[in-house]
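Observations on chain architecture
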Amino acid sequence: MRPDDAASAPVPVGAATRVGAAGGSALDAGAGLGHGEAAPVGAATFRRAWADLAPVGRAPDGAGYHRFAWTREDHTLREWFAGEAAARGLDLVTDRAGNQWAWWGDADATPGVVTGSHLDSVPGGGAFDGPLGVVSAFAALDVLRARGVRPARPLGVAAFVDEEGARFGVACAGSRLVTGVLDADRARALRDADGTTMADALRAAGRDPASLGPDPDALARVGAFVELHVEQGRGLVHAGEPVGVGRMIWPHGRWRVELRGQANHAGTTPLADRDDPMLDLAAFVQHVRTAATTAGALATVGKVRVEPNGVNAIPSQVTAWLDVRAEDEDRVRAVLAALATWAPAEESWTPVTWLDADLADDVAEALGATGLGAADAGVPRLGTGAGHDAGILAAAGVPTAMLFVRNPTGVSHAPAEDADEADCLTGVDALATTLEHLLTRDRA
């Protein structure tokens, strides 16, 4: 399902309208995952919200999205989130990092169950990475209300800011800030490609950069976190299942490499006399590929800044950013050791993150009881090489689980990222079932 495939006309929140037959969803027949009577509500919410978000930050040629933190597009997304919260009578709270939390119930009475994701994107990103989790969270909440669920604890929907780190270079900035992993002074000083600091961007967005920092009160409200996300790979395709449960997040990090040369004229400087850092960049990229292959890791040079960046000028400096990930830290470190000559400077690092095993078992059991998953294998368990806010919260001690929705292309961070409507709606119902289980299991 592409964004422009969504229904163009808004559907009222909570309206009991069935998904069109063209969607091919099991929810069309009222099947659902054990709660078919509430399925139309989740489907209607999902399609309306998806249509609302479809045009925001979309490239003029329709190829991908550009939704960066603290920009006009980001403001539109934040206003959309606030509107969804208000339409449901939820209490909206913005923490010191700028993350938004919409609460059903008194979040200060007892730690609650939170679900959600992020709304920002990488440059030219796909539609599903992040927004699928936020839209599904609101849809799942509507399903719970339609089922008449009476939560034993509050339910929160979260939208984390700057998860991709596309503008300022640090991934999961919002969750890192609120947990204290990212130092506020360092965050304020981060610069985007135009030289704008995060502090300046916050001021332009109407926020006080001095307020930026960890927020233990916001974190204390989260008793458990469940993030639904499109799968960034084809594990579920191979498993033949629409939804899976997360197991762990690979260790991963970002490094910066500075390559210096001497600026000069492209038309008058003999090749033998040039000190051209672009040649160093070419050698570096080749060594990255070799080092990653040898170590059994994934490594990418996906961002480069060239100065002065003129067609007819030999560069004076090239800055390259390196992303390295692997199933274990030793493999990542082996890649860096092989690149020591270039002295990579660490910009962010996330060690292996094991999601809460007991919570994952609980979630898988609850979903399995609804008929999801093969009879002989149960609900698929997946590891992922992609970072998530869920991983930051898990590392901070929050019991955390993840649900993944099948991606038929396996492509992510690109326009070809995709998910079938039927699978998305199965994900909504799976999330609602998970939340219902967590919200009511202590109720007598």
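We now turn to the structure provided with this report.

Before going further, it helps to examine the pattern of salt bridges. Enumeration over the complete set of coordinates arrives at 19 salt bridges. Among the salt bridges present, the one from Arg147 reaches Glu436, with a minimum N-O distance of 2.8 Å. Pair noted here: Arg147 is in helix H3 (residues 131-147) and Glu436 is in helix H13 (residues 421-440), with a separation of 289 residues, a long-range link. As far as burial versus exposure is concerned, Arg147 and Glu436 are alike and both buried. Close ionic contact of Arg167 with Asp192 constitutes a salt bridge, the shortest N to O distance being 2.9 Å. Placement of the pair is Arg167 in the loop between strand E4 (155-160) and helix H4 (173-179) and Asp192 in the loop between helix H5 (184-189) and helix H6 (198-204), with a sequence separation of 25 residues. Residue class for Arg167 comes out buried when judged on its relative accessible area of 13%.

In this structure, Phe46, Trp80 and Leu132 are the most contacted members of the largest nonpolar core, which totals 58 residues. With 10 residues, H3 is the largest single contributor of residues to this core. One finds Ala69, Phe160, Phe168 and Val222 within the second-largest nonpolar core, a separate group that totals 36 residues.

This part is about the environment of Arg406. Relative to the elements of secondary structure, Arg406 occurs in the loop between strand E15 (400-405) and H13. Through-space distance from the C-alpha of Arg406 to that of Cys424 is 8.2 Å; in sequence the pair is 18 residues apart. Apart from the residues within four sequence positions on either side, Arg406 is in contact with Leu236, Val237, Gly240, Glu241, Pro242, Asp418, Ala419 and Asp423. At a separation of 3.5 Å, a polar atom in the side chain of Arg406 contacts the main-chain carbonyl oxygen of Glu241. A polar side-chain atom of Arg406 sits 2.8 Å from a polar atom in the side chain of Asp423.

A separate point is the sheet that holds strand E11 (residues 317-325). The sheet built from four strands is open, its strands ordered E9-E11-E7-E12 with antiparallel pairing. At either margin of the open sheet sits one strand with a lone partner, and together these are strand E9 (298-307) and strand E12 (345-350). Neighbour to neighbour, the strand axes of the sheet diverge by 15° on average, direction disregarded.

Here the focus is the packing of helix H2 (residues 72-87) against H3. Packing of H2 against H3 brings their axes to within 11 Å, and their N-to-C directions diverge by 10°. Compared by their axis directions, H2 and H3 come out roughly parallel. Between H2 and H3, the contacting residues are Trp80, Phe81, Glu84 and Ala85 on the first element and Val134, Val135 and Phe138 on the second.

On to the pairing of E15. Across the six residues that make up E15, a large majority, six, are buried. Alternating residues of E15 divide into Thr400, Met402 and Phe404 and Ala401, Leu403 and Val405, and every residue in both groups is buried. Relative to E15, strand E5 (residues 222-230) runs parallel, the two being bridged by six bridges. Bridging across to E15, Val230 finds its partner in Val405. The pairing of strand E6 (residues 243-249) with E15 spans three bridges and is antiparallel.

Rules and cut-offs
Residues numbered from 1 in each chain as written. Predicted model: local features only at pLDDT ≥ 70, side-chain atom pairs only at ≥ 80, totals over all residues. Heavy atoms only, no water. Salt bridge = Lys/Arg side-chain N within 4 Å of Asp/Glu carboxyl O. Helix = DSSP H or I, 4+ residues; strand = E, 2+ residues; numbered from the N terminus. Buried < 20%, exposed > 50% of the residue type's maximum accessible area, 1.4 Å probe, protein only. Core = buried A, V, L, I, M, F, W, Y, C linked by side-chain atoms within 4.5 Å. Contact = heavy atoms within 4.5 Å. Polar contact = N/O pair within 3.5 Å; in protein donor to acceptor, adjacent residues only side chain to side chain. Pairing = 2+ DSSP bridges. Axes fitted to C-alpha atoms, helices over the stretch in contact; angles between N-to-C directions. Parallel < 35°, antiparallel > 145°, perpendicular 65-115°, else oblique.

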